[in-house]
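Summary of structural features
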Amino acid sequence: MKPLSASLAITGALFLASTVVLAITQAPLGSPLFFACAAAAGIAYLSMLGRIWRGPCAPRRLLAAAFVLAVAFRAPLVGPRVGADSDMVRYLWDGRVQTLGYSPYVMVPADPAMAGAHTDETRRMPSLRARTPYPPGAQLFFRLVVSIHDSTRAMKLALVACDLLTMIVLWRWLALTGRNEWLALAYGWNPLVVFEVAHSGHVDALGALWITASAYWLARRRTALASIAFVLAVATKLLPIVLVPLYWRRVRLRDALAGSVLLALLYLTFTRGGTLPFGAVPNVVAHIRFNGPLFRTIAGLFGSPQAAALVAVALGTLVAAWARWRLDPANPAAWAWPMAIALACAPVIYPWYLLYLTPFLFGVATLPLTAWTFTVMGTYVVWHIARNGGPWVVPPAVMSIEYAIPSALAALLLLRLVGTSRHPVEQRNAVEPGRTL
């Protein structure tokens, strides 16, 4: 077996080469070259992850080098300009109208009265006639970034900063809970994370930071900070709302009440005429579909998309309640699986929606979800199909592969856990590798 330093150099060079090629060529999403770069990064990631799981803890200097490489992977992707169809362009417009004294939930970019709030980028964004779907926590982040510098590059740099902070918080959480600190690379080197944040710039990076910080502070029994971070995660995107049971009787009542007041204040800040700022979310539930086969089935069974959305939230919450009863709060599966179940039942599942899960994908129990972060990238073929005049629909073969591989791994994992259920210590080791016992 090669020394860890040699493995780090080889896999790091391969991953860095993939992001450099992607940055130089500016290969479109879903193109053959894009998938080739993603595959190269994936090989590097899996090779390094396998080595981390098999080997003992290594010197801190090598871990520092691995962190430097994680930064280097992202650096080439930050520089290139983004197109008008980037979500970051909408982030800029939402932040800009706030600085002008308007609510992004009331104003629509296509409104002639808002012509003066546009730049050349925002005039060409696809969502000109759509209300914003982003919750208040995300909106305040957009405003903050625009107040500092109104550009997509500034927005991407801010999101990459959130991404790198998540890796650092995860590293400290691992150390605090007695795990192998190298498992922070399960997040820092994940190709989905690197591509979706440094390349595409999605606000889910902010939410991932908040929910990771909440888990860390909960482990430190800093329940006030844990509650605030959880509320900010929910106010960035609604997905982690299903994790509420994990906090039951683990945070003080006054801290839970303070978090509830903060959430109410965030929404009341943007409330106009007694209407809560849900923006385009109801329209997405009612009409928008992408890569969500389970949602279609559930909507058919319960008679409406709204009922299906409630079922998705209920299922995720039930899994979180089970995790609260059976799992330690430091177990990554307790955080990842409830969000994954709710997301799998959602009407729209874009690859970057999985970013909320990625800080918690460093154990055997979350291997099926790690696999999902790879298979979901296959849906980018839709971008290639659409550029060539085809429909905005995930091909059945791609969707089948996307869900079949994680489902098969989940079934194997369940059989393994059932087989070790009579041996608690063995079961804990199987679920949580890297913990110092």
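Bear in mind the structure is a predicted one, so any value in this text is a computation, not a measurement. (Residues numbered from 1 in each chain as written. Predicted model: local features only at pLDDT ≥ 70, side-chain atom pairs only at ≥ 80, totals over all residues. Heavy atoms only, no water.)

Some remarks on the overall build of the chain
- From N to C terminus, the chain includes 19 helices and 0 strands.
- Its C-alpha atoms give the chain a radius of gyration of 21 Å, within 12% of the compact-globule value 22 Å for 437 residues.
- Summarising its shape, the C-alpha atoms of the chain cover approximately 65 × 50 × 45 Å along the three principal directions.
- Expressed as a percentage of its 437 residues, the buried residues of the chain come to 54%.
- Within the chain, contacts between residues separated by at least 24 positions form 76% of all contacts whose residues are at least 6 apart in sequence.
- When the accessible surface of the chain is split by element, carbon and sulfur atoms take 68% of a total near 19,000 Å².
- Separation of charge centres in the chain, based on 36 positive and 16 negative side chains, amounts to 7 Å. (Helix = DSSP H or I, 4+ residues; strand = E, 2+ residues; numbered from the N terminus. Rg over C-alpha atoms; globule rule 2.2 N^0.38 Å. Buried < 20%, exposed > 50% of the residue type's maximum accessible area, 1.4 Å probe, protein only. Contact = heavy atoms within 4.5 Å. Areas by Shrake-Rupley, 256 points an atom, 1.4 Å probe, with all protein chains shown as cover. Lys, Arg positive; Asp, Glu negative; His and termini not counted. Charge placed at Lys NZ, Arg CZ, Asp CG, Glu CD.)

A few points about the packing of aromatic side chains
- Enumeration according to the criterion identifies 29 aromatic pairs in this entry.
- Ring centres of Tyr 247 and Trp 335 lie 5.8 Å apart, and the angle between their planes is 85 degrees; on these two criteria the pair is classed as edge-to-face. Taken together, the residues Tyr 247 in the loop between α10 (223–234) and α11 (253–269) and Trp 335 in helix α15 (residues 332–344) connect sequence positions 88 residues apart. Residue Tyr 247 shares its accessibility class with Trp 335, and that shared class is buried.
- Seen from their ring centres, Tyr 350 and Trp 352 are 4.7 Å apart, and the 10 degrees between their planes marks the pair as stacked. Comparing Tyr 350 with Trp 352, the two get one shared label, buried.
- Aromatic rings pair up to connect Phe 34, Phe 35, Phe 195, Phe 290, Tyr 350, Trp 352, Tyr 353, Tyr 380, Trp 383 and Trp 392 into one cluster.
- Of note, Arg 172 hangs over the ring of Trp 171, and the distance from its end group to the ring centre comes to 4.5 Å. (Phe/Tyr/Trp six-rings, centres within 6.5 Å; stacked < 30°, edge-to-face > 60°. Lys NZ or Arg CZ within 6 Å of the ring centre and 35° of its normal.)

Re helix α3 (residues 60–78)
- The end-to-end C-alpha distance of α3 is 28 Å, a good match for the 27 Å that 19 residues give at a rise of 1.5 Å each.
- Listed as buried for α3 are Leu 62, Leu 63, Ala 66, Phe 67, Leu 69, Ala 70, Phe 73, Arg 74, Leu 77 and Val 78.
- Tucked into the core, α3 has its buried residues touching α1 (4–25), α6 (152–176), α7 (185–188) and α8 (191–199). (Expected span 1.5 Å × (residues − 1).)

As for the nonpolar core
- Among the nonpolar cores identified, the biggest contains 117 residues, and Phe 141, Met 155, Trp 182, Trp 189, Ile 211, Trp 335 and Trp 372 are the most heavily contacted of them.
- Of all the elements, α6 adds the most residues to this core, at 13 residues.
- Residues within four places of Trp 189 in sequence aside, it is in contact with Leu 8, Thr 11, Gly 12, Phe 15, Ala 44, Tyr 45, Met 48, Ala 66, Leu 69, Ala 70 and Phe 73.
- If you look at the next biggest cluster of nonpolar residues, it comprises 8 residues, including Val 89, Val 97, Met 107 and Met 125. (Core = buried A, V, L, I, M, F, W, Y, C linked by side-chain atoms within 4.5 Å.)

Some words on the pattern of salt bridges
- Under the defined criterion, the tally for this structure stands at 7 salt bridges.
- Salt-bridge contacts for Asp 163 lead to Arg 74; the nearest nitrogen and oxygen are separated by 2.4 Å. Of this pair, Asp 163 sits in helix α6 while Arg 74 sits in helix α3, and the two are 89 residues apart along the sequence. Taken as a pair, Asp 163 and Arg 74 share a single burial class, namely buried.
- Asp 150 is the partner of Arg 96 in a salt bridge, and the nearest nitrogen-oxygen pair spans 2.7 Å. Here the residue Arg 96 occupies a position in helix α4 (residues 87–99), and Asp 150 occupies one in the loop between α5 (136–148) and α6, the gap between them amounting to 54 residues.
- Residue classification places Asp 150 among the partly exposed residues on the basis of a relative accessible area of 35%. (Salt bridge = Lys/Arg side-chain N within 4 Å of Asp/Glu carboxyl O.)

Quick word on empty space enclosed by the protein
- All told, the structure shown has 1 cavity of 30 Å³ or more when counted by the stated rule.
- If you add up the space inside the largest cavity, you get close to 40 Å³.
- Lining the largest cavity are 10 residues, and of these Pro 133, Pro 135, Pro 277, Phe 278 and Val 281 lie nearest its centre.
- Of the residues belonging to the lining of the largest cavity, the class tally is 9 nonpolar, 1 polar and no charged. (1 Å grid on protein atoms, 1.4 Å probe; cavity = no way out; pocket = protein on both sides within 12 Å on 5 of 7 lines; lining within 4 Å. Points joined across faces, edges and corners; volume = space filled by probe spheres on them. Nonpolar A, V, L, I, M, F, W, Y, C, P; charged D, E, K, R; others polar.)

Considering the packing of α4 against α5
- One way to put it is that α4 packs onto α5 with a least axis distance of 8 Å and a crossing angle of 80 degrees. Considering their axes alone, α4 and α5 lie roughly perpendicular with respect to each other. Contacts from Tyr 91, Leu 92, Asp 94, Gly 95, Arg 96, Gln 98 and Thr 99 of α4 reach α5 at Gln 139, Leu 140, Phe 142, Arg 143, Val 146 and Ser 147.
- Looking at the contact of α4 with α5 residue by residue, the classes come out as 5 nonpolar, 5 polar and 3 charged. (Axes fitted to C-alpha atoms, helices over the stretch in contact; angles between N-to-C directions. Parallel < 35°, antiparallel > 145°, perpendicular 65-115°, else oblique.)

Re the environment of Thr 373
- Checked against the element boundaries, Thr 373 lands in helix α16 (residues 367–375).
- For the pair Thr 373 and Leu 354, spaced 19 residues apart in sequence, the C-alpha to C-alpha distance is 6.9 Å.
- In contact with Thr 373, not counting residues within four places along its chain, are Asn 190, Leu 192, Leu 354, Thr 358 and Leu 361.
- Within the structure, the side chain of Thr 373 is placed 2.5 Å from the backbone oxygen of Thr 370, a separation counted as a polar contact. (Polar contact = N/O pair within 3.5 Å; in protein donor to acceptor, adjacent residues only side chain to side chain.)

Quick notes on the side chain of His 199
- Structurally, His 199 is set in helix α8.
- Side-chain polar atoms of His 199 contact the side chain of Ser 200, separated by 3.1 Å.

Comments concerning the confidence of the model for the chain
- Taken residue by residue, the chain gives an average pLDDT of 92. The fraction at 70 or more is 94%.
- Across residues 425–431, confidence stays below pLDDT 50; counting only partners more than four residues off in sequence or on other chains, it has 14 contacts. (pLDDT = per-residue confidence, 0-100.)

Describing the environment of Phe 34
- Considering the arrangement of structural elements, one finds Phe 34 in helix α2 (residues 32–54).
- If we skip the residues at most four places from it in the chain, Phe 34 touches Leu 22, Ala 27, Pro 28, Leu 29, Phe 195, Met 377 and Tyr 380.

Some details on the environment of Arg 61
- Residue position: Arg 61 is located in helix α3.
- Classification of Arg 61 by relative accessible area gives exposed; the value is 63%.
- In sequence terms Arg 61 and Thr 122 are 61 residues apart; their C-alpha atoms lie 45 Å from each other.

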